[in-house]
Structures are given as structure tokens and as C-alpha cells.
Amino acid sequence: MAENRQFDIAIIGTGITGLSAAHHLLRLGTRRLCFFSDQHGVSTTQHSAGLIIAGLMDNITRMAHRHGHGIAQEVWEWSSLAYDRTLEFCQHFNIDQHSGQRVRWIFTPDELQEAQSAEKIFHDLGFSTELKVSRSLSSEDCHPVGLLATQDEGHKASAVNLHSFLNALEHNCASVPRLSKVISLVQTADGILIRDSNSQEYLVEAVILANHLAIAELLPSLKPALVSYADQWHEFDLKQDLSNIGLSQGTYFSWKHAHYWGGVVGPNRIRLGGARYLRPLAGFEAQNADLLSTVEENLRESWHRLFPDNPIIISNASGAGLDCWPCDELPIVGPMFGEPRILVATGYMGLGTAMGFYAGCCVAELIQGLRPPLPRSLWPERLRTLAP
């Protein structure tokens, strides 16, 4: 059995998480790195809408109810750090980005009740948010038809040029060799033995698994926790400038408990996503992520109902992809239970541009013996009881 020790750390997956891990390892002085291609050969990052926020898609009430206020606070703080670090990277490398507000539009009494509970939780945990009922909203702005209130979570949203973002990471990691697909990982007394599709073997000190849903192929014990789901987004040009409705470029909005979401990416240009309930099983456990015309049409109709005076006039870009929704709705980032030299980073639930970038940073720092502000609640160890 030939063993090749020319690399110390192997990164499996070359999407935003893998590239970020390599970028931060290089920054910390590590040079003996290599990439192995994703099991499926396609980066999920390529399908992203390029919209980033602090926090999660769902309101903080869901996280607090399921996991308690302590974990909700940890995850929200970590997500905010992810947002801030991503923007710092964009600014440092002159990547085009526009920042705006993160708002939730509220149309029904049950949404309003949840927003009121969320406002109390936010304030109790030390976060700033403001619930503005319709009578206190500015009369200068044109609001969506039927709006009851707006939950404003502050200046915590941005639209980034994803192509430039990935190019900057690729450029920074150009010195890292790229090898073929990994077939298996075996933990030995001397390190992690990697076998690839070319029948080559490599013995490395540590492995970072940043290959999304395909992690389950190499770590079957995580398979029960990694649930796939399909989603899509569409970019539309509108008849009028969005400043007429009080939406600045970079603003991120959602409504109907985040079943619909979108962002402002130009003076009269938006990206809309969601309406997954039109897919079988709401997109969960999907094997493919095709662009569905029924979803696109529903997104169009939903916007027209909200803003009948500013209709969609042109359809531009679109994207569809499979994302990962962990079974307990927490990102999975950290060393694998029972295999501490294997680090995992996945499960960002539609927020992979910022969370993926920061997860790569965190696992790189863990490998270097540093202590990043990564909540222990995100480590894979919480899922060990799911292992067969």
C-alpha cells in the first residue's frame, strides 16, 4: 500500500466553504494543502442568489422554541459574525456589494403575533430589532398591499457580486493543487488515509469535508442528519425604480414566515425565491433541483399582488439548486465525533454565502489550534445518537 505524505490537510469540496477554508489556512501560514473535487463535481455555491443576511431565514422564535434562548443567541451571534466577516472580505478585495435593511413583511395576525414574540426575545438577548405596525410606517413610502407591520432587524443585509466573490477566493487559492474525486476516508493511527478515483492514496493529518450533501457518502453516520431540499430564485426587472417603494439596493425582505424571500440587486431589479410548497414534499428529499415554471409564475403573481403599480416587466437570470437542511435546523460545523481529525461544514439552510465563508474560517482556525467563536452547539457531536 503506497502512502503519499506530500499534503498535511485535504479539503474536499471547492465551493465557498472549501475555498474559504483554504484561504484562511494559507493566511495562517499553512502551505501543504490540497483540494479534492466534490463528490458530485458541482458547487452548490454556483446556484446562490448572492443575497446575504445576519440571522436565519426563519424568525428567532422558531430557534428559541426548539433549542432554547441560549442556543438561539449563540447561533444568531455566529450568523452575525459570518455576515460581518463576509462583508469585510468583500470590502478588502473591492468586490461589488450593496448593503441594506433586513426586513420581514407581516400580513396576517399570526405573523404579527410571532413578530411580537420575536421582538421580545431579540431584546431579551441583547439584539436590536424594531416592529413597526402599519400606522407608524412612513407615509412617504409605498408599502405592499395589505401590510400590517414590518419587523426591521437593522442594517444586516447585502447583495454581493457572487462571481467576483468566488473569483477572489479562487485567485487566493490558486497555489493549492486540485486532485480527483475521493472514494473513501479511513482513519489510521498515523492520520487519515484518502483513496481517490485514480486509485491513488494520500495520508494526511486532517481532512475538511466541505462537500455539502455528499458528506454523507463519506461519513454514513451523518446521513440521517443531512436532508436535501430544492429551491429556486428568479431575477426580475420592474417597471419603476424601487426607491419609489422605499427599498434601497441591498435590502433583503421576506414574508409569509420566509416562505417567500428576495432582495434588491439594482435600482429596479429584484431577485425572488421561495414558494417551495409547490414542489413535491415542499422540495425536501429532492434528488434534482429543476427550475419549475409553476414556481416562477407564482413568484411573479405574488409580487404583483403586493405591488400592483410596479409590475415585473422582464425576467433575467435564474438559479436552482439542492441545499442542505439539517434534521435539527442547526448548521453542522466542527470536528466529527469519534474522528476529530475530520472536520465537517455544511447545513446552512439557504444562507451558505456568508455562513459557508465563515464556517471555512472556523474549521481552518480549529485545525491550527485556535479557538474561533464557533458555538459548541453546532459541532456534529450533537448528532451522534443518529448514527446507525
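Our structure's up above, just so we're on the same page.
Criteria and thresholds
Residues numbered from 1 in each chain as written. Predicted model: local features only at pLDDT ≥ 70, side-chain atom pairs only at ≥ 80, totals over all residues. Heavy atoms only, no water. Core = buried A, V, L, I, M, F, W, Y, C linked by side-chain atoms within 4.5 Å. Buried < 20%, exposed > 50% of the residue type's maximum accessible area, 1.4 Å probe, protein only. Contact = heavy atoms within 4.5 Å. Helix = DSSP H or I, 4+ residues; strand = E, 2+ residues; numbered from the N terminus. Pairing = 2+ DSSP bridges. Axes fitted to C-alpha atoms, helices over the stretch in contact; angles between N-to-C directions. Expected span 1.5 Å × (residues − 1). Phe/Tyr/Trp six-rings, centres within 6.5 Å; stacked < 30°, edge-to-face > 60°. Salt bridge = Lys/Arg side-chain N within 4 Å of Asp/Glu carboxyl O. Parallel < 35°, antiparallel > 145°, perpendicular 65-115°, else oblique. Nonpolar A, V, L, I, M, F, W, Y, C, P; charged D, E, K, R; others polar. Arc of directions from axis to C-beta.

Q: So what exactly am I meant to see when it comes to the nonpolar core here?
A: Ile60, Trp78, Phe165, Ile208 and Val333 are the most contacted members of the largest nonpolar core, which has 71 residues in total. Residue contacts for Ile208: discarding those within four places in its chain leaves Ile9, Ala10, Ile11, Ile12, Ala21, Leu25, Leu343, Val363 and Ile367.

Q: I'm lost on the side chain of Arg276 in this one. Help?
A: With respect to the helices and strands, Arg276 occurs in the loop between β17 (269–274) and α7 (293–306). Not counting chain neighbours up to four residues away, the residues in contact with Arg276 comprise Tyr229, Ala230, Asp231, Ala282, Gly283 and Phe284.

Q: Honestly, the sheet that holds strand β10 (residues 182–188) in this entry has me stumped. Any pointers?
A: Remark on secondary structure: sheet strands pair via backbone hydrogen bonds, oriented parallel or antiparallel. If you walk across this open sheet you meet the 3 strands as β10-β11-β12, and the pairing is antiparallel. Each edge of the sheet is formed by a strand with only one pairing partner; in this case those strands are β10 and β12 (201–204). Put simply, the sheet's adjacent strands are angled 20 degrees from each other on average, direction ignored. Judged from the 6 bridges that link them, β10 and strand β11 (residues 191–196) form a sheet pairing that is antiparallel. When the sheet's bridge partners are listed, Leu185 is paired in β11 with Ile194.

Q: Can you help me understand unusual backbone geometry in this one?
A: With glycine set apart, most residues show a phi of negative sign, and most peptide bonds adopt trans. Despite not being glycine, His212 shows a phi value in the positive range, around 60 degrees. Its place among the elements puts His212 in the loop between β13 (206–209) and α6 (215–218). Within the chain, His257 stands out as a residue other than glycine whose phi angle is a positive 55 degrees. Within the secondary structure, His257 is located in the loop between β15 (252–255) and β16 (260–266).

Q: Help me understand the sheet that holds strand β3 (residues 51–53), please; the structure alone is not making it clear to me.
A: The strand order across the open sheet formed by 3 strands is β3-β8-β4, and the pairing between neighbours is antiparallel. Here the strands that pair on one side only, and so sit at the sheet edges, are β3 and β4 (97–100). In this sheet, adjacent strand axes meet at a mean angle of 20 degrees when their direction is disregarded. Here 4 bridges tie β4 to strand β8 (residues 157–160), and the two strands are oriented antiparallel to one another. Along β8, the bridge assignment pairs Gln97 with Val160.

Q: Would you mind going over helix α4 (residues 109–124) with me for this structure?
A: For an α-helix the count is 3.6 residues per turn, leaving residues at separations of three or four pointing the same way. Here α4 contains 16 residues, and its C-alpha end-to-end distance of 23 Å stays within 8% of the 22 Å for a straight helix at 1.5 Å per residue. Of the positions making up α4, those classed as buried are Glu111, Leu112, Ala115, Ala118, Ile121 and Phe122. On its buried side, α4 packs onto α2 (60–67), α3 (69–92), β5 (102–106), β6 (130–133), β7 (149–152) and β15. A positive backbone phi angle near 90 degrees is found at Gly126, which sits one or two residues after α4.

Q: Would you mind showing me how to read the packing of aromatic side chains here?
A: Each aromatic ring pair is summarised here by two numbers: the centre-to-centre distance and the angle between the ring planes. Overall, the coordinates contain 20 aromatic pairs when judged by the stated rule. Ring geometry for Phe89 versus Phe357: centroids 5.1 Å apart, planes at 55 degrees, classification tilted. You can see Phe89 sitting in helix α3 and its partner Phe357 sitting in helix α8 (residues 352–367), a full 268 residues away along the chain. With respect to burial, Phe89 and Phe357 carry one shared label: buried.

Q: Before we go on, may I ask you to explain the environment of Asp58 in this structure?
A: When you line up the elements, Asp58 lands in the loop between β3 and α2. Sequence separation of Asp58 and Pro340 is 282 residues, and the distance between their C-alpha atoms is 31 Å. Contact partners of Asp58, with chain neighbours within four places excluded, come to Trp76, Arg104, His257 and Trp325.

Q: Can you walk me through the pattern of salt bridges in this structure?
A: Side chains bearing opposite charge may pair, as long as their charged atoms lie close to each other. Under the counting rule described, the total for this entry stands at 19 salt bridges. Between Glu170 and Arg178 there is a salt bridge, and its shortest N-O distance comes to 2.5 Å. We classify Arg178 as partly exposed; its relative accessible area is 42%. Two residues, Glu296 and Arg300, come together in a salt bridge whose shortest N-O distance is 3.8 Å. With Glu296 and Arg300 both in helix α7 and 4 residues apart, this pair spans about one turn of that helix. Taken together, the shared-partner salt bridges connect Asp58, Arg62, Arg66 and Glu329 into one network.

Q: What should I look at first to understand the packing of α3 against α8 in this one?
A: Think of two packed helices as two axes; the pair is described by the angle between the axes and how far apart they sit. Direction vectors running N to C along α3 and α8 enclose 95 degrees, while the axes themselves pass 8 Å from each other. If you check the angle between α3 and α8, you find them roughly perpendicular. When α3 is examined against α8, the residues Trp78, Ser79, Leu81, Ala82, Tyr83, Arg85, Thr86 and Phe89 are found in contact with a partner set consisting of Thr353, Ala354, Met355, Phe357, Tyr358, Ala359, Cys361, Cys362 and Glu365. Per-class residue counts for the contact of α3 with α8 are 12 nonpolar, 3 polar and 2 charged.

Q: Help me understand α7 in this model?
A: The end-to-end C-alpha distance of α7 is 20 Å, a good match for the 20 Å that 14 residues give at a rise of 1.5 Å each. Those residues of α7 that sit buried are Val295, Asn298, Leu299, Ser302, Trp303 and Leu306. All buried residues of α7 project into a common sector of 130 degrees when viewed along the axis, lining one side. Taken together, the buried residues of α7 touch β5, β14 (226–238), β15, β16, β17 and β18 (312–326).

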